[in-house]
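Descriptive structure summary
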Amino acid sequence: MYKTINSLDSSSFKRNYKDTVFRMLFSDRHELLALYNAINETNYHDVDALTITTLENAIYMSVKNDISCVVDMRLNLYEHQSTVNPNIPLRNLDYVSRTFSAFYANQDIYSPRIIKLPNPKFIVFYNGEKPQPARKDFRLSDAFFYRDEHPNLELIVTQININPGYNDELLDSCPTLKEYMLYVDRVRSYQKDMSLADAVNKAVNKCIKEGILVEFLRKNKLEVISMSIFEYDEKLHEKTMMDIGREEGMQLGLQQGLDTGIEVLISTLKDMDFSDDKIIEKLVEKFGLDKEKAKEYLKK
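Summary of the structure given here.

Parameters and conventions
- Residues numbered from 1 in each chain as written.
- Predicted model: local features only at pLDDT ≥ 70, side-chain atom pairs only at ≥ 80, totals over all residues.
- Heavy atoms only, no water.
- Helix = DSSP H or I, 4+ residues; strand = E, 2+ residues; numbered from the N terminus.
- Buried < 20%, exposed > 50% of the residue type's maximum accessible area, 1.4 Å probe, protein only.
- Areas by Shrake-Rupley, 256 points an atom, 1.4 Å probe, with all protein chains shown as cover.
- Core = buried A, V, L, I, M, F, W, Y, C linked by side-chain atoms within 4.5 Å.
- Contact = heavy atoms within 4.5 Å.
- Salt bridge = Lys/Arg side-chain N within 4 Å of Asp/Glu carboxyl O.
- Axes fitted to C-alpha atoms, helices over the stretch in contact; angles between N-to-C directions.
- Parallel < 35°, antiparallel > 145°, perpendicular 65-115°, else oblique.
- Left-handed = near helix turned anticlockwise from the far one by under 90°.
- Nonpolar A, V, L, I, M, F, W, Y, C, P; charged D, E, K, R; others polar.
- Phe/Tyr/Trp six-rings, centres within 6.5 Å; stacked < 30°, edge-to-face > 60°.
- Lys NZ or Arg CZ within 6 Å of the ring centre and 35° of its normal.

Digging into the overall build of the chain
The helix and strand inventory of the chain stands at 12 helices and 8 strands. The buried share of the chain, reckoned over its 300 residues, is 46%. For the chain, the exposed surface amounts to about 16,500 Å²; the carbon and sulfur share of it is 49%.

Encoded structure:
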């Protein structure tokens, strides 16, 4: 067996840019096992029984695999989204085929003996603003040109709405998922009356005071702020793409997200009385900048 699957190589900047608060939270093995138990109504306690199978570098523009794991030969692939995406079964088809390939990598697929694979389950946690039902299934066969009553190939992704008022039983059984929902809800609420950067900062501080994701936010405050701004900037960028084209829009969104994230990080570090040299060091570490470029941002 394996612990982590690596797919495509990419720069550390792209990987950090595409990381999310959701993924960071559930990269913790204990939290991921708790999420698995909540989804599957199981009661596993041994984290060593969990094998992380996340495609660490599976980045295709804004498309990536958030987190996946195997427990007792059952494979769960989890993503979270703030937009409704009917193409998610097609994306998961790619993810699961890459994951399955690790199981038979050293075996003969032409052998007369069957190769056993883990049973897959595909889940997307939805926390967007567009009204959605509590649960909704997306089927790969919906994309087929011809309708078949019994398609030879099928893949079903279950979208679970984790906005306030939906799937309360599930959220109560996984406190971290519930607290993540509350954090996102606060950012969205504050953003109505203030800038994105201020909304994220206020949401982080408010959650800490209210006992929401306290240990996680205190430990990873700067990373959470930067990641949250990137995530929300990416939503704005998706609207931009409709007018100026996918490739040009992607570059614009990346740059806007980078500039905003760096600005917030510099401001936060200054408030914490970090020296200029230490701030430059952090910019190099978090954003993959060279020192000269980091100094330019600091001067701005």
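Moving on from the coordinates now.
Here we look at the nonpolar core
Ranked by size, the top nonpolar core spans 48 residues in total, and within it Leu35, Tyr78, Phe125, Leu177 and Tyr183 carry the most contacts. If you tally residues by element for this core, the top one is helix H7 (residues 196–210), at 8 residues. Here Tyr183 is in contact with Val200, Ala203, Val204, Cys207, Leu213, Val224 and Ser228, once residues within four sequence places are set aside. Membership of the second largest hydrophobic core comes to 15 residues, among which are Phe103, Val124, Phe138 and Val157.

Examining the pattern of salt bridges
Within the structure shown, the criterion is met by 9 salt bridges. Between Glu210 and Arg186 there is a salt bridge, with its nearest N and O atoms 2.8 Å apart. Note that Glu210 is positioned in helix H7 and Arg186 in helix H6 (residues 175–190), a separation of 24 residues in sequence. Its relative accessible area of 39% is what places Glu210 among the partly exposed residues. Among the charged side chains, a network of salt bridges with common partners joins Arg186, Lys206 and Glu210.

Observations regarding the packing of H6 against H7
Interaxial distance between H6 and H7 falls to 8 Å at its minimum, and their mutual angle equals 135°. Considering the angle they form, H6 stands oblique to H7. Between H6 and H7 lies a crossing of right-handed hand. Residue-level contacts link Tyr183, Arg186, Val187 and Tyr190 of H6 to Ala199, Val200, Lys202, Ala203, Val204, Lys206, Cys207 and Glu210 of H7. Split into classes, the residues belonging to the contact of H6 with H7 amount to 8 nonpolar, no polar and 4 charged.

Regarding the packing of aromatic side chains
Here the structure, examined in full by the defined rule, presents 6 aromatic pairs. Consider the rings of Phe22 and Tyr180, whose centres lie 5.7 Å apart with planes at 65°: the pair is edge-to-face. You can see Phe22 sitting in helix H2 (residues 21–26) and its partner Tyr180 sitting in helix H6, a full 158 residues away along the chain. Judged by its relative accessible area of 2%, Tyr180 falls in the buried class. What links up through ring pairs into an aromatic cluster is the set Phe22, Phe26, Tyr78, Phe125 and Tyr180. Sitting over the ring of Tyr190, Lys202 keeps its end group 4.6 Å from the ring centre.

Description of the side chain of Asn127
With respect to the secondary-structure elements, Asn127 resides in the loop between strand E6 (119–126) and strand E7 (135–139). According to the relative accessible area criterion, Asn127 is buried, its value standing at 5%.

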